[in-house]
Every structure is written in C-alpha cells, then in structure tokens.
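Chain and residue survey
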Amino acid sequence: MGLPGSAGVPAAIAAQTLVIPYNDRAALEAVFAEHGDRIAAVIVEAAAANMGVVAPEPGFNRFIADTAHAHGALMILDEVLTGFRVHHAGFWALQVSTGEVYMPDIITFGKVIGGGMPLAALGGRADIMDLLAPAGPVYQAGTLSGNPLSVAAGLATLLRATPKIYARVDAAATRIADALDRALTEAGVVHAIPRAGNLFGVGFAAHAPRNYAEAQAQEAFRYPPFFHAMREQGVALPPSVFEAWFLTAAHDDAALSHIERALPAAAAAAASASRS
Ligand SMILES: Cc1ncc(COP(=O)(O)O)c(C=O)c1O
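Conventions used here
- Residues numbered from 1 in each chain as written.
- Predicted model: local features only at pLDDT ≥ 70, side-chain atom pairs only at ≥ 80, totals over all residues.
- Heavy atoms only, no water.
- Helix = DSSP H or I, 4+ residues; strand = E, 2+ residues; numbered from the N terminus.
- Buried < 20%, exposed > 50% of the residue type's maximum accessible area, 1.4 Å probe, protein only.
- Lys, Arg positive; Asp, Glu negative; His and termini not counted.
- Salt bridge = Lys/Arg side-chain N within 4 Å of Asp/Glu carboxyl O.
- Contact = heavy atoms within 4.5 Å.
- Near = heavy atom within 4 Å.
- Polar contact = N/O pair within 3.5 Å; in protein donor to acceptor, adjacent residues only side chain to side chain.
- Areas by Shrake-Rupley, 256 points an atom, 1.4 Å probe, with all protein chains shown as cover.
- Nonpolar A, V, L, I, M, F, W, Y, C, P; charged D, E, K, R; others polar.
- Pairing = 2+ DSSP bridges.
- Axes fitted to C-alpha atoms, helices over the stretch in contact; angles between N-to-C directions.

Let's talk about the side chain of Glu-45
Along the chain, Glu-45 falls in strand S1 (residues 41–45). Although Glu-45 is buried, it makes no salt bridge; Lys-111 carries the closest opposite charge, 9.3 Å away. The residues touching Glu-45, leaving out its near neighbours within four places in the chain, are Tyr-22, Asn-50, Leu-77, Asp-78 and Leu-81.

Spelled out as structure tokens, the structure:
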C-alpha cells in the first residue's frame, strides 16, 4: 500500500514506491501498465525471506527482469540474505543453473559478505557502477564502507566457502528441515516447510505461503511456544515465524543431533498452543 513500514519514514518518501504482492505476475504487469514510464526499478529479494521463506515461483524472477527491461526499468536483486549463503554466486546462480536465465542490473549483498561483521556491497552493470563516485556523480560513503576489519573477516569467510562447505550447509539444512517436518507431522500440527536453497522455515498452514497475505494468514500463534520449548533445550531459533532458519557448516553432527532431539517436545508445544 506504499505506507511507511516504520515510524520516521515520511509519507512523501513512501509515496515514491509501489508495493505489489509477491509471486503475482498480473500485479506486476498492471503496475507497469499504469505507471511504466515513472518506474525506475523493481527491487525484490532473490528469494523472499523476511515474511518467512517464500521462494519465487519458477519463472517469476525472470518475468520481473523481462517486464522491467521492456519498460526501461532496472531490476535490483536483493541477495542480502541469500548471497554467498545458498551458493557462491547467490540464489540467482541457483536459478540460472536450473535453466531460469535472467540478468539483474544491480545486486545487493550483506551478511555473509562480511563474515558476520558489518558490511554490505552492491554490484551491477558497468555503466551503472560508473555512476558512483569517484567515477560518477553519485556520492556513496559511510562509517562502515569498506571497513578493514569487516572486509578481512568477509574475505577470510569467502575464501573458505568451498564447494565442500556449501555441500555441508545444504546437507545440514536438509537434515533439520526433514526432522522439523517429521516432528510436526508426528505431533499432528498442520504445517509446511518452505525452502529456498539452503534457507528454510516453518509455516503453520497446510501450504507454503506464496505471498505476504498468505504468510499473515497462518497460525503464527503456534510459534512462540515452539520457540521457547526449543530454547529451554538449548536451541536458539529465529525469534519470529517470519524469519528464515540458517544452518551453517559449523553445525556438526553433535549439534544437529541435539536439534533433532529437541524438536519433538517443541512440536508438542506447538500442537497444544491456543490462539489467545
Ligand atoms: C533481505 C534484506 N535486505 C536488506 C537488509 C538490510 O541490509 P542493510 O542493513 O545492509 O541495509 C536486510 C536486513 O536484514 C535483509 O534481510
């Protein structure tokens, strides 16, 4: 609705954006039909992971790229959560490797690129990058820009992120996602385990949500008792059902077994949760 999502965002700034439902091609087409000459760019997560994990439906990201480009707009792909985590070249590369070929104009990175330290980055088409200072007129700088400690931590992490490490992260994610699925099934909890690469989450609904409205409609009240039951057993989960679970190569067999053992009691807590 183009409303400010947080206090302090002036309505005039929010009015510069148009928000449409995720995974909805008709909505994208309609917004371009109405405002095409005023739209500078479409910005979208490579796979949505801030409303729970909601993967783009096959072809959706390519459709965004094609539609934006047909109207002279840019596609900005936000890989802040997925970049360097699901693949060394991001969720985009996973899609390209399965035949969904498209080319965003700008890609944004964060999280893993700093190896856990504060760092963010963007990259893109050469003619766009040339607009940034000192080559071009767009000034961009800040306290943490190119922070040496963060860059060193990021470099150390990325240099160690070998195919073997990605295989371990993928296997750990699959193992825990499957265990989560089993525990909730055995406890009789209606659920779905949405996945996007090695990101996954839990949805308390019969089908994995496709968009924000569906994510909102789930039985989210089941998550707090689930979360606290896991925490009492020494497992720190994301604090909201609308966040992704991230496994790492540092989760060894002992840690993964610990998580697996904790799941049935948490699933039982979710099963007995009530709405109030
Ligand atoms: C998908 C996504 N994009 C962007 C951001 C914000 O990144 P930054 O703090 O570098 O602006 C976040 C923060 O968690 C995020 O999850």
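Additional details are given in the paragraphs that follow.
Some remarks on the pattern of salt bridges
Here the structure, examined in full by the defined rule, presents seven salt bridges. With a closest N to O distance of 2.6 Å, Arg-210 and Glu-57 form a salt bridge. Of the two residues, Arg-210 sits in the loop between strand S6 (199–200) and helix H8 (212–216) while Glu-57 sits in the loop between S1 and helix H3 (60–70), which places them 153 residues apart along the sequence. Since its relative accessible area comes to 32%, Arg-210 is described here as partly exposed. You can call Glu-57 partly exposed: its relative accessible area is 30%.

Let's talk about the site of the ligand
Taken together, Glu-45, Asn-50, Asp-78, Val-80, Leu-81, Lys-111 and Ala-120 make up the full set of residues adjacent to the ligand. Contact distances for the ligand include 2.6 Å between a nitrogen atom and a side-chain N or O atom of Asp-78. Lys-111 is positioned with one of its side-chain polar atoms (N or O) 2.8 Å from an oxygen atom of the ligand. Protein chains shield 51% of the accessible area of the ligand, which is 400 Å² for the free molecule. Classifying every residue of the shell around the ligand by side-chain character gives three nonpolar, one polar and three charged.

A look at the sheet that holds S1
Across a sheet, strands are paired by hydrogen bonds formed along the backbone, either parallel or antiparallel in direction. The strand order across the open sheet built from four strands is S1-S2-S3-S4, with neighbouring strands paired in mixed fashion. Bordering the open sheet on either side are S1 and strand S4 (121–124), each of which pairs with just one other strand. The average undirected angle you get between the axes of adjacent strands in this sheet is 20 degrees. Relative to strand S3 (residues 106–109), strand S2 (residues 74–78) is paired through three bridges, and the arrangement is parallel. Bridged to Leu-77 within S3 is Ile-107.

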